[in-house]
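Each chain, letter by letter, is given below.
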Amino acid sequence: MKSNTVAASKVVLSELMLPSHSNFSGKIHGGYLLKLMDQIAFASASKYSGRYCVTASVDTVDFLNPVEVGELVTLKASVNYVGNSSMVVGIRVDSENIQTGIKKHCNSSYFTMVAKDDAGNNTKVPALEIKNLEEVRRFYDAVIRINQKKKLKTLEEKFDHTSDDSLENLKNFNVIVKNFSKTI
């Protein structure tokens, strides 16, 4: 069985944030950071699998601290989990004021990437060699997130938004319910 290490998937990307990357409030646009995160997830998964990879999903993108123009942003990525054709890439985003040296954690996220063969079909990825307890923790954290997503999907499929109880419960939220028919 072919395998690969977490270390083989590690990628670091640093980029100076320019005024052209900023939004209307003068902070770095979240969409620009997501673009960089998608690029490093691709690089990490492709480096690990030796295949072209595509983004299947993005989990938990919480912007913890804003990034300022002129700061150096550093993204670190590695594969935390592998399935048959999928890999979960963990990404950490930090920024540094290069004049003061002050660093801040801006974001951590998880991208699920899928390896493709030359015909564009999903293809098997190497088994993951886990070499220390930190890698064990990251692997199981990914397993827990995957299982939580499956449970949430089951709940969403079972939930009846058309029931009288569901419609009555809307009074507990900041919504105005207009008269409408329950038929679609």
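Before reading further, recall that the structure is shown in the block above.
Note that the structure is predicted; figures quoted are calculated from it, not measured.

Novice: For the side chain of Ser 95, give the residues involved together with the corresponding values.
Specialist: Mapping Ser 95 onto the fold places it in strand β5 (residues 86-97). Contacts of Ser 95, omitting those with residues within four sequence positions, involve Val 67, Glu 71, Leu 72, Val 73, Ile 102, Lys 103, Lys 104 and Cys 106.

Novice: Any chance you could break down the nonpolar core for me, citing the residues and the numbers?
Specialist: Counting 33 residues, the largest nonpolar core has Leu 75, Met 87, Val 89 and Ile 91 as the members making the most contacts within it. The set of elements that each furnish at least two residues to this core consists of α1 (30-49), β4 (71-82), β5, β6 (103-116) and α2 (133-158). Ranked by the residues each element gives to this core, the list is headed by α1, at 8 residues. The contact partners of Leu 75, leaving out residues within four places of it in the chain, are Val 11, Val 12, Leu 13, Leu 36, Met 37, Ile 40, Ile 91, Arg 92 and Val 93.

Novice: Lay out the pairing of β4 with the relevant residues and their values.
Specialist: When you tally the buried positions in β4, you get 10 out of 12 residues, the bulk of the element. Two elements, strand β2 (residues 11-16) and β4, share 6 bridges in a ladder whose sense is antiparallel. Note that in β4 the partner of Glu 15 across the bridge is Val 73. The hairpin turn running from β4 into β5, its antiparallel successor, is 3 residues long.

Novice: Tell me what's going on with the sheet that holds β6, and back it up with residues and numbers.
Specialist: Taken in spatial order, the 5 strands make up an open sheet running β2-β4-β5-β6-β3, and their pairing is antiparallel. Across the chains shown, the open sheet's two edge strands, defined by having one partner strand only, are β2 and β3 (52-59). When strand polarity is set aside, the average angle formed by the axes of neighbouring strands in this sheet is 30 degrees. Taken together, the 11 bridges between β5 and β6 define a ladder with antiparallel strand orientation. Paired with Val 93 across the strands is Asn 107, a residue of β6. The strands touched by α1 are β2, β3, β4, β5 and β6; relative to β4, the strand with the most contacts, the crossing angle is about 40 degrees. Running over the sheet, α2 touches β3, β4, β5 and β6 and is turned about 80 degrees from β4.

Novice: Any details on the layout of surface pockets? Residues and values, ideally.
Specialist: Here the largest pocket defines a volume of roughly 360 Å³. In terms of lining residues, the largest pocket is bounded by 17 residues, among which Lys 76, Ser 78, Gly 90, Arg 92 and Arg 138 are the most central. Of all the secondary-structure elements, those providing two or more residues to the lining of the largest pocket are β2, β4, β5, β6 and α2. Class assignment of the residues belonging to the lining of the largest pocket gives a composition of 5 nonpolar, 5 polar and 7 charged. Of all the secondary structure elements, the ones that give two or more residues to the lining of the second largest pocket are β3, β5, β6 and α2. Here the element with the most residues in the lining of the second largest pocket is β3; it accounts for 3 residues. Here the residues of the lining of the second largest pocket are counted per class, giving 5 nonpolar, 3 polar and 2 charged.

Novice: An account of α2 is requested, with residue identities and associated values reported.
Specialist: Here α2 spans 37 Å end to end across 26 residues, near enough to the 38 Å set by a 1.5 Å rise per residue. Considered for burial, the residues of α2 that qualify are Glu 135, Phe 139, Ala 142 and Arg 145. N-cap assignment for α2: the residue whose side-chain oxygen lies 3.1 Å from the backbone N of Glu 134 is Asn 132.

Novice: Break down the packing of aromatic side chains for me, citing the residues and quoting the values.
Specialist: For the structure shown, the criterion picks out 3 aromatic pairs. Centroid distance Tyr 81 to Phe 139: 5.1 Å. Interplanar angle 35 degrees. Geometry classified as tilted. Highlighted residues: Tyr 81 in strand β4 and Phe 139 in helix α2, separated in sequence by 58 residues. Like Phe 139, Tyr 81 is buried. Ring centres 5.8 Å apart and planes at 80 degrees place the aromatic pair Phe 139 and Tyr 140 in the edge-to-face group. Put simply, the rings of Tyr 81, Phe 139 and Tyr 140 pair up and form one aromatic cluster. The side chain of Arg 145 reaches across the aromatic face of Tyr 110, ending 3.5 Å from its centre.

How each quantity is defined
Residues numbered from 1 in each chain as written. Predicted model: local features only at pLDDT ≥ 70, side-chain atom pairs only at ≥ 80, totals over all residues. Heavy atoms only, no water. Helix = DSSP H or I, 4+ residues; strand = E, 2+ residues; numbered from the N terminus. Contact = heavy atoms within 4.5 Å. Core = buried A, V, L, I, M, F, W, Y, C linked by side-chain atoms within 4.5 Å. Buried < 20%, exposed > 50% of the residue type's maximum accessible area, 1.4 Å probe, protein only. Pairing = 2+ DSSP bridges. Axes fitted to C-alpha atoms, helices over the stretch in contact; angles between N-to-C directions. 1 Å grid on protein atoms, 1.4 Å probe; cavity = no way out; pocket = protein on both sides within 12 Å on 5 of 7 lines; lining within 4 Å. Points joined across faces, edges and corners; volume = space filled by probe spheres on them. Nonpolar A, V, L, I, M, F, W, Y, C, P; charged D, E, K, R; others polar. Expected span 1.5 Å × (residues − 1). Polar contact = N/O pair within 3.5 Å; in protein donor to acceptor, adjacent residues only side chain to side chain. Phe/Tyr/Trp six-rings, centres within 6.5 Å; stacked < 30°, edge-to-face > 60°. Lys NZ or Arg CZ within 6 Å of the ring centre and 35° of its normal.

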